[in-house]
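Architecture and fold: a report
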Amino acid sequence: MPDDGTLGRVLAGIDADALDAAVCRWLLGRAGLTGRGRRVIAVDDKTLRGSGPAGSQVHLLAALDHAEQIVLAQIDR
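In short, a report on the structure.

Parameters at a glance
Each chain carries its own residue numbering, running from 1 in the written order of its sequence. Residue-level local features of this predicted model are given only where pLDDT is at least 70; pairs of side-chain atoms are given and counted only at 80 or more, and the full residue set underlies all totals for whole chains, interfaces and linings. Heavy atoms throughout the structure, all of them, feed into the side-chain values; hydrogens and water do not. Put simply, DSSP marks the helices as runs of H or I at least four residues long and the strands as runs of E at least two long, and each gets a number from the N terminus on. Between buried and exposed lies partly exposed: a residue is buried under 20% and exposed over 50% of the maximum accessible area for its type, with that area taken using a 1.4 Å probe on protein chains only. Residue contacts follow a heavy-atom distance rule, with two residues in contact if any of their heavy atoms lie within 4.5 Å. Per-residue and other accessible areas were derived by the Shrake-Rupley procedure at a 1.4 Å probe size, with only the shown protein chains allowed to occlude residues. Salt-bridge detection follows one rule: a side-chain nitrogen of Lys or Arg within 4 Å of a carboxyl oxygen of Asp or Glu. By the convention used here, strands pair only if DSSP detects at least 2 bridges between them. Each axis is a line fitted through C-alpha atoms, taken for helices only over the stretch in contact, and angles between the N-to-C directions span 0 to 180 degrees. Using protein atoms alone on a 1 Å grid, points that fit a 1.4 Å probe yet trap it form a cavity, whereas open point sets bounded by protein on both sides within 12 Å along at least five of seven lines form a pocket; residues with an atom within 4 Å of a point count as lining. Grid points are joined across faces, edges and corners, and a volume is the space filled by probe spheres set on the points. The residue classification treats Ala, Val, Leu, Ile, Met, Phe, Trp, Tyr, Cys and Pro as nonpolar and Asp, Glu, Lys and Arg as charged. All others, Gly included, are polar. Patch definition: residues above 30% relative accessible area lacking any salt bridge, with like charges linked at up to 9 Å and the nonpolar side chains Val, Leu, Ile, Met, Phe, Trp and Tyr linked at up to 5 Å.

1. Some remarks on the overall build of the protein
In terms of helices and strands, the protein carries two helices and three strands. The linear arrangement of helices and strands in the protein, starting from the amino end, is α-α-β-β-β. Within the protein, buried positions represent 12% of all 77 residues. The contacts in the protein between residues at least 6 apart in sequence include a share of 30% that link residues at least 24 apart. Only carbon and sulfur atoms are counted for the fraction: they give 56% of the accessible area of the protein, which is about 6,200 Å².

2. Details of the pattern of salt bridges
In the structure shown here, the tally under the stated rule is one salt bridge. The partner of Asp 44 in a salt bridge is Lys 46, and the shortest N-O contact between them spans 3.7 Å.

3. Examining the sheet that holds strand S3 (residues 70–76)
Taken in spatial order, the three strands line up as S1-S2-S3 in an open sheet, and their pairing is antiparallel. At either end of the open sheet lies a strand with only one pairing partner, and these are strand S1 (41–47) and S3. Between one strand axis and the next, the sheet turns by 20° as a mean value, whatever way the strands run. The pairing of S1 with strand S2 (residues 59–65) spans seven bridges and is classified as antiparallel. Bridge pairing in S2 places Ala 42 opposite Leu 64.

4. A look at the layout of surface pockets
In this structure, the largest pocket spans a volume of roughly 170 Å³. In this structure, the largest pocket is lined by Ala 16, Asp 17, Asp 20, Leu 60, Gln 74, Ile 75 and Asp 76. Listing elements by their share of the lining of the largest pocket, those giving two or more residues are helix H2 (16–31) and S3. Taken together, the residues of the lining of the largest pocket break down into three nonpolar, one polar and three charged.

5. Comments concerning a nonpolar patch on the surface
A surface patch of nonpolar side chains, amounting to about 490 Å² of accessible area, comprises Leu 7, Val 10, Leu 11, Ile 14, Leu 19 and Val 23. When contributions to the nonpolar patch are tallied by element, the ones reaching two or more residues are helix H1 (4–12) and H2. No other element matches H1, which puts three residues into the nonpolar patch. Structurally, Val 10 can be placed in helix H1.

6. Focus: the environment of Leu 27
Counting through the fold element by element, Leu 27 comes out in helix H2. Using a relative accessible area of 24% as the deciding quantity, one classes Leu 27 as partly exposed. Each C-alpha atom, one on Leu 27 and one on Gln 69, is 9.9 Å from the other, the two residues being 42 residues apart in sequence. Ignoring anything within four residues of it in the chain, the contact list for Leu 27 reads Ile 70 and Val 71.

See below:
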């Protein structure tokens, strides 16, 4: 099992947008979206605590499919 330092170095070198897009594609492919019934998508935003000084922190906006319980998309606003 890699230690915290190794995981931190690996994650720091990854293109976050590309990783997010790849994970979303993978989840959607596994979700088996059936199209039955009403599709409910929740939109949520949050500011990541400790991600920078006040006023320049990372702020994320995400869309979640309730039936499949997966995040469809997430962007840094």
